[in-house]
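So the chains spell out like this:
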Amino acid sequence: MARASISRARFAARLGAVLAREAMHLSASESVKRLLWAVVLGLSYAACSSTPEKPGVVPGGEDGGTPGGGDGGPVIVVPEDGGTVVTGTLAGTLTEAGSPYRVVGDAEGVVTIPKGQVLTVEPGVILDFMGRPDVTQADVDPGAADSVMNHHEGRVEVRVYGGIQVRGTADKPVLLTSTNPHGWWGMNFFGDGSVGDGDPVFEHMVFEKVKKNDYNGNRDRTRGALWAYYPGPVTIRHAVFRDNEVSAKCGALDLMFTVGSRVEDSLFENNRTRDVDRFAQDGTSSMAGGGAMCVTHGRDSVVRGNTFRDNVLEAYRGATDSSLAQRPLLAWPNAQGIYDLGGGGALHYFQPNNDLVEGNVFVGNTVTRGPAAAVYLEDVGTRGLTLRGNRFVGNRAGAGAVVVCNRGSGGVELVVTDDNVFSDNLVDGRAATNVSGDCTTATK
C-alpha cells in the first residue's frame, strides 16, 4: 500500500484509475456508472478548500479527548485531501503516514480482511469508509417508510475472516467513520470463518456513523455496527461507539457466541435500534432489542466501567418487503405463544452465562414502547448475569422496569447487588421499579 500523502488532483486521478480497472470486469452499463462516479468525486475533491495534511483532534471532554471519557469523546477531523485508496482487501499495517484510508470496497461494496492475514491499525489512523457516495434517492426503495430507507449501492462493508488489531492511544485514537452521507455497513465477523488469526482487539478508537437498515437483510446488514460473531474473546477498551443505527438489534455492538470478552472504560452514546425486524410478522416472534449493545449466546463476558448514554430502542414491530406493518409487543406468557425478545434501552442479553456488568453508568437511555429502560435479559440460566455497582439514572421505557429478566430456568438467574443505584427512571411515564420479570433475583 502506498503511504505518502497525495494532492486532491492526484487522489482523484488515482481513484479514477482504480475504478477504471474495476470497470473492465463489470457490465458496460455498470462500467459507465463507476467511471462517472470517479469523475464526479474527482471534481468534488478538486473544488474543496485545502485542509491540514494531518487531522486535528478536538477534545471531547474534560480528559482532553480520550475515548470513553469526557462528554462524547474526541472529535476527529477527516482531511479532505491526501491519503490512500483501499478497494478489495484490507490487511497489513496501516500507519498515520498513509492516513486517511479512503475505503471504497470492491464492485459489491465489500472490503475483506482475508483468512490468514492480519490488519494492524496504528495510533492516529483514520479509516473513512466512504464507499461510493454517488447514491441518490433513485436508489431508495420507494415503498419503504422513511425510517427504513435503503441506500444499498453506495456503502461499504468490512468482512473479517483474518485477524484485526486496532491499537490507538489516548493522544492518538483511531477513527473508523464515513464521510458518505448514507454511512457504511459496519464491520462483521463470521463465526468459525473468522477464527485462527489471533483474537480481535480494539483499543482507543472511535467507531461511528454505521447505518444497517437493510430491514429484510442478513445479520451483517441489520444488527450491530460491530457484529462480532466470534467464538473466542473480543477485547474493547477506551472506545467510543456513537451515532450508529441498525434495524434489528444491538445498535453499536453485538458480541455473539464470544467467550471471555471484555468491554471496558468505553462510551456508547446516541446509538439506535429501529426495531424493524424481519421475524416480526403475525404469528412469529421478534428478535429485536438493545439500543446500544448485545451479548448473545456468549459466556464469561465482562462489561465494566462504561457509560451508556442517550441510546434508543424504537420498539415497533413488523416489516414486509417494502413497508411496515405494526403489531403490538407481546409480553410472555401470551395466548399466541409468542416470545418477543425485544427490549433494553442500552443492553440486551440473550442466554447469558456467567456474565458480569459492573461499575457502569446508564443515563438517558430509552425504549419508546417496549420493556427494560436499561437492561433486558431473555432465556436465562442459573446466575446468568450479575449486576454490581452500576448507576441507572433517568432512563425511560414503555413497559417493564429498568432491568427486565424473562424466561428464567428456575434457579437464581439474576444477581443485583445492593450497591447498584437507581434514580429518576420512568416506565410509561411513572416512577420505574428497579427489576421485573419472571426470573429469581438475589443480592449476592
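Notes on the structure in this doc start here. The structure presented is a predicted model; accordingly, all values stated were derived computationally and were not measured.

Our next topic: the pattern of salt bridges. On inspection of all chains with the given rule, the structure shows 22 salt bridges. Across the pair Glu264 and Arg237 runs a salt bridge whose closest N-O atoms are separated by 2.8 Å. Note that Glu264 is positioned in strand 19 (residues 262-264) and Arg237 in strand 16 (residues 235-242), a separation of 27 residues in sequence. In this structure, Glu264 engages Arg304 in a salt bridge whose closest nitrogen and oxygen atoms are separated by 3.2 Å. Highlighted residues: Glu264 in strand 19 and Arg304 in strand 23 (residues 302-304), separated in sequence by 40 residues. Salt bridges here are not isolated pairs; linked through shared partners, they connect Arg167, Glu203, Arg237, Arg262, Glu264, Arg304, Glu358 and Arg388.

Glancing now at the state of the cysteines. As enumerated under the stated definition, the model contains two disulfides in all. Shown here is the disulfide that connects Cys405 with Cys439, its sulfur atoms set 2.1 Å apart. The S-S bond linking Cys405 to Cys439 shows a torsion near -75°; that makes this disulfide left-handed. Residue Cys405 is located in strand 34 (residues 403-408), and its partner Cys439 is located in the loop between strand 39 (435-437) and strand 40 (440-442); the two are separated by 34 residues in the primary sequence. For the pair shown, Cys405 and Cys439 are each scored as buried. Sequence-ordered numbering of the disulfide-bonded cysteines in the protein chain gives the connectivity 1-2, 3-4.

Parameters at a glance
Residues numbered from 1 in each chain as written. Predicted model: local features only at pLDDT ≥ 70, side-chain atom pairs only at ≥ 80, totals over all residues. Heavy atoms only, no water. Salt bridge = Lys/Arg side-chain N within 4 Å of Asp/Glu carboxyl O. Helix = DSSP H or I, 4+ residues; strand = E, 2+ residues; numbered from the N terminus. Disulfide = S-S within 2.5 Å. Buried < 20%, exposed > 50% of the residue type's maximum accessible area, 1.4 Å probe, protein only.

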